[in-house]
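# Secondary and tertiary structure notes
The chain contents come next:
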Amino acid sequence: MAKIFISYSRKDKEFVKRLHDALKEQGHEPWVDWEGILPSAEWLQEIYNAIDSSDIFLYVLSPNSVASEVCGQEVAHSSVNHKRLIPLVCHDVNAKDVPVAAAAHNWIFAREGDDFEAALRDLCKAIDTDLEWVHAHTRLLTRSQDWQNHNRDISFALRGNDLQRAEQWLARAGENKEPRPTPLQTEFILKSRKDTARRQRTSIEAIAIGVFVALILGFVAWEHAQKGQFLEARELLTQAMWSLSDNDAPRAEVLLAESLELDDEPATRERFLEARAKAAPLRWLHKGGENHHMLAISADGARFAEQDSSHRVHLWNVAEHKESIVLPPLKTDVQCLAFHPNGRWIATGSTDSLVRLWDVSKPPHSVLLHTIRGHKLTVRCLTFSRDGKLLASAGKDRTIRLWNVADGRSIHQMRGHREQILCLAFSPDDQFLASGTWGNDVWLWDVKAGRKLRDLHGHEDAVFGLAFSPDGKTLASASWDTTAWLWDVKSGVRLRQLTGHESGVLTVAFSGDGQEVVTSGEDGTARIWNADTGKEVLTLRGQMDYVRYVALGRDERNLVTGSDDGTVRVWDVADVGHRREIMTLHGHTGYVRCIAFALDNQTVVTGSEDLTVRVWNTRTGMQNALMKGHTRGVFSLFFRPDGKRFASAAKDGTVRVWDLQTKHCELVLHHPAPVRHVEYSPREPLLAVACDDSKIYLWNANTGRLVRALEGHHDMALCVAFSPDGKLLASGGEDHTVRLWDVASGKKTATLRGHKGPIWDVVFSDDGKRLFSGSEDQTIRQWNVEKRVSDGLLRGHEGPIWDLSWNAQRQTLASAGQDGTVRLWRFSAKPESAFERVTTLRASAGPMWWVDFSPDGKKLAASSQDRTSRIWQLDQIQSLLTERPAALLQQAEEETGLEFSGNQVVSAPEKTSEKN
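Described below are features of the structure shown in this document. (Residues numbered from 1 in each chain as written. Predicted model: local features only at pLDDT ≥ 70, side-chain atom pairs only at ≥ 80, totals over all residues. Heavy atoms only, no water.)

## Some thoughts on the packing of helix α12 (residues 266-278) against helix α13 (residues 874-882)
Relative orientation of the contacting elements α12 and α13 amounts to 130°, with a least axis distance of 10 Å. When the axis of α12 is compared with that of α13, the two are oblique. Along this stretch, α12 crosses α13, giving a crossing that reads as right-handed. Contacts between α12 and α13 involve R269, F272, L273 and R276 from the first element and I877, L880, L881 and T882 from the second. Residues belonging to the contact of α12 with α13 are distributed by class as follows: 5 nonpolar, 1 polar and 2 charged. (Axes fitted to C-alpha atoms, helices over the stretch in contact; angles between N-to-C directions. Helix = DSSP H or I, 4+ residues; strand = E, 2+ residues; numbered from the N terminus. Parallel < 35°, antiparallel > 145°, perpendicular 65-115°, else oblique. Left-handed = near helix turned anticlockwise from the far one by under 90°. Contact = heavy atoms within 4.5 Å. Nonpolar A, V, L, I, M, F, W, Y, C, P; charged D, E, K, R; others polar.)

Structure, rendered in structure tokens:
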């Protein structure tokens, strides 16, 4: 039983009442200040006393509690006294607003959409962890405070067995126990021992005291020496978690690498892997001279241009990392540049009010095709129509002009804006032209008629960037008011706002499929957004000045950003997480429930709630095939031993057998209820199917004939697994049991009990002597198949375990869970435990549903609720887990374009292109 102080905002009182009652039912003693008296000195001291006398400080996180001054005082007091702090989230909060003392801990989520009972189980588990140590910490804290409050009267000191227990407790602090002893507790125990020694006055005891005092002082000195480094590492870890919550994975990767330099903790390495999975690596950094000014990036991301101090315009080829052409020197500053769709011509606009069209198709030479006159002042923006026949220009004279590209002839002059025009964009069908101005206007024009169609109201400051979606239905605008807006072109209605930039947004662009929007701004970042939801996907940092230019390459692998700091960065954003050691597969529109490797170790298939089965190449990350047929979500996949076919099981009650080469469905097996799991026998043409009607069905995989139905589970059958010799079948069910069946006769041979929740997966070891079962009770049990008993229990997941996979080559078990992690467990020679946890792979905010090793044991695949699948290269992951922190830091800096210096992440190290 634990005493629990609940810190909360009165606005969340209803939730806290439910929590209070639930904790009491679990046998705990929650302390809650229900009255909410104004914080007088007496009242606040009463609160502090309640915190000190409690074992657990439970911080109910919400925007209300984060904003509460009293909650802040309570958190600070608990931190000073090293109380065990558990953050429980009842409403989403911004991690940046949460006190550092709470942000550094693992959060438990009990929001409206979360499972309250599951959250309560996680909370009770956290409370009960090492509770004896916590009780002792609370008792010694109150005793030491009494001693302090009574002027350190020696009559309040510890004596006899009480003192011995306290000394033993303090000695165990070196085992990294949490919460750690406070300085007051350490001094109190030390003074108590000194008083005992003084009173007994024997030389033997004096020697013993000296030894003990030396040990204690040594521990205190060691703790003092380590404290600064430890706290700095924790501060970096906290900063990294904030960066991850802000989708700034590159910065988080560098911060975590530096934290490892100070304190090489396994948990920090796991977070480093998480950040690495989400970060986009920097492929190339180009740094121009001091007087270079970045002008523009081509629409396909293949070229960019910059102007030097002698007014020369340099064109650079992104793929080859070298300069491709230099335009002749001009006697004026170039203010804008546009690349023609044919890739052979570029147009420049300058302060002399002229527009020039150049042929740059034959490097290193360029040819001036036209000099176009008409504007009276500086030309600020240019854009070509998608068919390449028209060129639009605008600028300080507040007019828009349309020109015939072939001969430079003027077609339309469009007036009406009251401020200078900063940006232009043609719609994909070239029917519309959008314009943005210094005075926050966004106008739509009819290109053919040369007249204004609509005024889009919403921005509060200058509009610097415009872009149409590929289908022409949506217009994106970027403004100095720190926001970007998405507009419905037909109606002019604002669809959604993109917020996250810390200062003005300067450019905007759509991905080729229209699913993502890219923005860049004065805050030195480029950001990728989901166009449908408006949520930020990724933040790219590294540039120290305005990022004025951004473009996605045609293959959408390269994102090119150009900044006023004179740098151009090329990022690999084909798939966030598409790294050498981690690959992320995107494509499904629903939860990815299952994943399975083919025999070639390069092909995986995935099944989803979107009713589809997809085939992927794990070398390229590309989707090779899309198979349809199921009418409800796909729950399970399994390959036939020859690797030529695989089976998929779904909630629609069917199992479909697919030919991997032709991608056609060859067989459909029907069941009276949803199917949870399917598996092929390794020896015979048999398929085993676990069904919601509590039965296990055995089918002839060649003919589709039902061999028999196995009855025994008292509730839904959730999983099946054949032994390596195919003679035994194991099944797990909603009834909390594992059952073993003789395949030849269909007879049940054993019922294995021990789990306290439904069993979602079972898997045999390669020798068939061990069976593993993963359960909703958050444990994995190891069973001795011959003796039919449980001889091992693995704990670590903070939620139900949904799937297991065995790696024969590495003697490693993988588990996937509700907590968004995949955990690896390796066979150990330790007598007290058959297995030890190797590492935790964190890559999803939602549950990880399925996990599978490749046949060669070198890769691990997992599917997730976030609609993605991930492939880990185990050898490379292992190297990251064992690499020296200094090497990890160097690698992180090179691949993100950032460097760590003086407690902060700064711009990239000095690197130059080949030319410079």
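Read on, since the account is not over.
## What about the packing of aromatic side chains?
Counting across every chain of the model gives 15 aromatic pairs. Here W107 and F109 contribute two aromatic rings whose centre-to-centre distance is 6.4 Å and whose plane-to-plane angle is 55°, an arrangement assigned as tilted. Given a relative accessible area of 22%, W107 falls into the partly exposed group. Ring centres of W802 and W849 lie 5.4 Å apart, and the angle between their planes is 45°; on these two criteria the pair is classed as tilted. With a gap of 47 residues between them, W802 in strand β55 (residues 801-807) and W849 in strand β59 (residues 848-853) connect regions that are remote in the sequence. (Phe/Tyr/Trp six-rings, centres within 6.5 Å; stacked < 30°, edge-to-face > 60°. Buried < 20%, exposed > 50% of the residue type's maximum accessible area, 1.4 Å probe, protein only.)

## Some points on the sheet that holds strand β46 (residues 706-710)
Sheet architecture is open: 4 strands sit in the order β43-β44-β45-β46, paired in antiparallel fashion. Edge positions in the sheet fall to β43 (675-680) and β46, since each of these pairs with one other strand and no more. If you compare each strand with its neighbour and ignore which way they point, the axes differ by 20° on average. In terms of strand pairing, strand β45 (residues 696-700) meets β46 through 4 bridges, oriented antiparallel. Its bridge partner lying in β46, I696 is registered against L710. (Pairing = 2+ DSSP bridges.)

## Describing α13
Of the residues making up α13, those classed as buried are L874, I877, L880 and L881. Projected onto a plane normal to the axis of α13, the buried residues spread over an arc of 120° and lie on a single side. (Arc of directions from axis to C-beta.)

## Focus on the side chain of R593
On the secondary structure map, R593 appears in strand β35 (residues 592-597). Residue classification places R593 among the buried positions, given a relative accessible area of 19%. At 2.9 Å, the side chain of R593 and the side chain of E609 are in polar contact. In this structure R593 touches G607, S608, E609, V634, F635, W849, W850 and S863, once residues within four positions along its chain are discounted. (Polar contact = N/O pair within 3.5 Å; in protein donor to acceptor, adjacent residues only side chain to side chain.)

## Quick look at the packing of helix α1 (residues 13-25) against helix α6 (residues 116-128)
Orientation of α1 relative to α6, taken along the N-to-C sense of each, is 60°, at an axis distance of 11 Å. Taken together, the axes of α1 and α6 are oblique relative to one another. Considering only the axes of α1 and α6, their crossing is right-handed. Residues F15, R18, L19, A22 and L23 of α1 pack against F116, L120, L123 and I127 of α6. Along the lines of polarity and charge, the residues of the contact of α1 with α6 split into 8 nonpolar, no polar and 1 charged.

## As for the nonpolar core
Generally speaking, soluble globular proteins have nonpolar side chains that are buried together. Among the nonpolar cores identified, the biggest contains 40 residues, and F272, V822, L860 and W872 are the most heavily contacted of them. Sort the elements by how many residues they give to this core and helix α11 (residues 249-262) lands first, with 8 residues. Excluding residues within four positions of it along the chain, L860 makes contact with F597, A814, V822, L824, L841, V851, D852, F853, R870, I871, W872 and L874. Residues I4, F15, V32 and I108 belong to the second largest nonpolar core, which totals 26 residues. (Core = buried A, V, L, I, M, F, W, Y, C linked by side-chain atoms within 4.5 Å.)

## Here we look at the pairing of strand β61 (residues 868-873)
Across the 6 residues that make up β61, a large majority, 5, are buried. Pairing geometry for strand β34 (residues 582-586) and β61, over 5 bridges, is antiparallel. Across the sheet, residue L585 finds its bridge partner in β61, namely S869. Here strand β60 (residues 859-864) pairs with β61 via 5 bridges, running antiparallel. Across the sheet, the residue bridging to L860 is W872, located in β61. Turn length for the β60-β61 hairpin, with the two strands adjacent in sequence and antiparallel, is 3 residues, and the turn residue R867 shows positive phi of about 75°.

## Focus on a negative patch on the surface
A cluster of acidic side chains, namely D21, E25, D115 and E117, defines a negative patch on the protein surface. Given a relative accessible area of 43%, D21 falls into the partly exposed group. (Patch = residues over 30% accessible without salt bridge, like charges linked within 9 Å, V, L, I, M, F, W, Y side chains within 5 Å. Areas by Shrake-Rupley, 256 points an atom, 1.4 Å probe, with all protein chains shown as cover. Salt bridge = Lys/Arg side-chain N within 4 Å of Asp/Glu carboxyl O. Lys, Arg positive; Asp, Glu negative; His and termini not counted. Charge placed at Lys NZ, Arg CZ, Asp CG, Glu CD.)

## Notes on the sheet that holds strand β38 (residues 623-628)
Taken together, the 4 strands give an open sheet; going across it, the order is β35-β36-β37-β38, and neighbouring strands pair in antiparallel fashion. Of all strands in the sheet, those bounded by a partner on one side alone are β35 and β38. On average, adjacent strands in this sheet sit at an angle of 20° to one another, irrespective of strand direction. Both strand β37 (residues 612-617) and β38 contribute to a ladder of 5 bridges, which runs antiparallel. Paired with R614 across the strands is L626, a residue of β38.

## Regarding α6
Compared with the 18 Å implied by 1.5 Å per residue over 13 residues, the 18 Å span of α6 between its first and last C-alpha is a close match. For α6, the elements touching its buried residues are β1 (3-7), α1, β3 (56-61), β4 (84-89), β5 (108-109) and α7 (131-149). The opening residue of α6 is D115, an N-cap whose side-chain oxygen sits 3.0 Å from the backbone nitrogen of E117. Immediately beyond the C-terminal end of α6, within one or two residues, lies D130, with a positive phi of roughly 55°. (Expected span 1.5 Å × (residues − 1).)

Spatial relationships are all this shows, so hold off on functional conclusions.
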